[in-house]
Amino acid sequence: MKKYILLLIIPMLSFASIGKITVLKGDVQIQRDSKSIQAKSGTSLEKHDFIKTDAKGKVQIVFSDKTIFTIGKNSTLDIADYLYDEAKPKKNKAKFNVLKGAFSSITGRIGKLNKSKFKLKTKSASIGIRGTIVKANQETIMCTEGAITVTTNNGISMDVEAGQKTNVSTGVPTPPEEIKAGEAESLGVEVEKEAPVALETETISEVKNVAEAVQNDVTDATADIET
C-alpha cells in the first residue's frame, strides 16, 4: 500500500518546465498548444512554446542548462526542441527558431557539452555555435564572444569570429566585418546580469518546498494506513 501511495505522489515531481522567464517588459504572450497564456516574471516554459512580444516588449529566459535567451520588441521565439540531462551529455539538445524580430543568446551547458546539437535559426539563416554570445535580428547576425558559422537557406556558409557581424538579407552572408560601437545595443536585447542568480535561488526554494510537501503527504498517508 505504501508503494501505491508513493506512485501516486511521485508524478507531482515530474515537471515539464525547461526554463523560466526572469525579465519581462511590455506585453508577452505564450502560445502553448491551443492556449494563449499571459506571461509574467517567473512563468515556467515548456518545449514547443511560442513566446511573442509586443511593440514595447522584451523577455529574458534562463533555461535549465543556464542558457540565457532574450528577445526584443515585436519578436517571436519558437522553442522547437530542448532536452537537458547533465548525466547524459550526448543526448542534450536545443533548437530555437526566432521567427520574427531580434534576439540574444548566451549558450549554457548544452552549448559547451554538445555544441553540434545547439541550433539557432532565423527566417533566413541557421547559426552554428562554438561556445558563444550571439546577437541578431532577421538581417544582421553578430558574434560578440566565441565564434559562429552562419548558413543561409541556400546552403552558403560564413564563419564569423568574436567582434564581427554578417548580413544575410540577400540570401548570401556578407564577408565578416567589425561590429560598430552601439550596434549590438541598438537591437534592444541586452541581458540582465542579475537574473540567472535569482532564478537559481527560486528554483532551489521550489524544489525544497515540493520535497517537503511530498514527504509530509507520505508520512500522513502512512500514519492513516497503520492506524
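What comes next concerns the included structure. (Residues numbered from 1 in each chain as written. Predicted model: local features only at pLDDT ≥ 70, side-chain atom pairs only at ≥ 80, totals over all residues. Heavy atoms only, no water.)

## As for the overall build of the chain
Turning to step 1, where the next piece is worked out: Along the backbone of the chain there are 3 helices and 18 strands.
Turning to step 2, where the next piece is worked out: Buried residues in the chain amount to 41% of all 227 residues.
Turning to step 3, where the next piece is worked out: Considering only contacts in the chain between residues 6 or more positions apart, those separated by 24 or more positions represent 49%.
Turning to step 4, where the next piece is worked out: Carbon and sulfur atoms form 54% of the exposed surface of the chain, whose accessible area is close to 12,100 Å². (Helix = DSSP H or I, 4+ residues; strand = E, 2+ residues; numbered from the N terminus. Buried < 20%, exposed > 50% of the residue type's maximum accessible area, 1.4 Å probe, protein only. Contact = heavy atoms within 4.5 Å. Areas by Shrake-Rupley, 256 points an atom, 1.4 Å probe, with all protein chains shown as cover.)

## Some words on the nonpolar core
Turning to step 1, where the next piece is worked out: Counting 33 residues, the largest nonpolar core has Ile 51 and Phe 96 as the members making the most contacts within it.
Turning to step 2, where the next piece is worked out: Among the nonpolar cores identified, the runner-up in size contains 6 residues, and Ala 102, Met 142, Ala 184 and Val 189 belong to it. (Core = buried A, V, L, I, M, F, W, Y, C linked by side-chain atoms within 4.5 Å.)

## Concerning the sheet that holds strand E2 (residues 28-32)
Think of a sheet as strands paired side by side through backbone hydrogen bonds, with each pair either parallel or antiparallel.
Turning to step 1, where the next piece is worked out: Read across the open sheet, the 9 strands follow the order E3-E2-E5-E8-E9-E11-E12-E15-E16; overall the sheet is mixed. The outermost strands of the open sheet, each flanked by one partner alone, are strand E3 (35-38) and strand E16 (157-161). Neighbouring strand axes in the sheet, compared pairwise and without regard to direction, differ in orientation by 20 degrees on average.
Turning to step 2, where the next piece is worked out: Where strand E5 (residues 50-53) meets strand E8 (residues 76-83), 3 bridges bridge the pair, whose relative direction is antiparallel. Across the sheet, residue Phe 50 finds its bridge partner in E8, namely Asp 78. (Pairing = 2+ DSSP bridges. Axes fitted to C-alpha atoms, helices over the stretch in contact; angles between N-to-C directions.)

## Points about the pairing of strand E9 (residues 93-100)
Successive residues of a regular strand alternate their side chains across the two faces of the sheet.
Turning to step 1, where the next piece is worked out: Where E8 meets E9, 7 bridges bridge the pair, whose relative direction is antiparallel. The residue of E9 that forms the bridge with Asp 78 is Asn 97.
Turning to step 2, where the next piece is worked out: In terms of strand pairing, E9 meets strand E11 (residues 118-121) through 4 bridges, oriented parallel. The residue bridging Asn 97 from the neighbouring strand is Lys 121, located in E11.

## Side note on the pattern of salt bridges
Oppositely charged side chains may form a pair once their charged atoms are brought near each other.
Turning to step 1, where the next piece is worked out: Scanning the entire structure with this criterion turns up 7 salt bridges.
Turning to step 2, where the next piece is worked out: Glu 46 is the salt-bridge partner of Arg 32, the closest N and O atoms lying 3.6 Å from each other. On the criterion of sequence distance, the pair formed by Arg 32 in strand E2 and Glu 46 in the loop between strand E4 (44-45) and E5 is long-range, its members being 14 residues apart.
Turning to step 3, where the next piece is worked out: Among the residues examined, Glu 46 registers a relative accessible area of 29% and is labelled partly exposed.
Turning to step 4, where the next piece is worked out: Measuring nitrogen to oxygen at the nearest pair gives 2.6 Å for the salt bridge that ties Lys 165 to Glu 183. Taken together, the positions of Lys 165 in strand E17 (residues 164-167) and Glu 183 in the loop between strand E18 (177-178) and helix H3 (195-226) put the pair 18 residues apart, joining distant regions of the chain. Glu 183 shares its class with Lys 165; the two are buried.
Turning to step 5, where the next piece is worked out: If you follow the salt bridges from partner to partner, you end up with Arg 32, Glu 46 and Asp 49 in one network. (Salt bridge = Lys/Arg side-chain N within 4 Å of Asp/Glu carboxyl O.)

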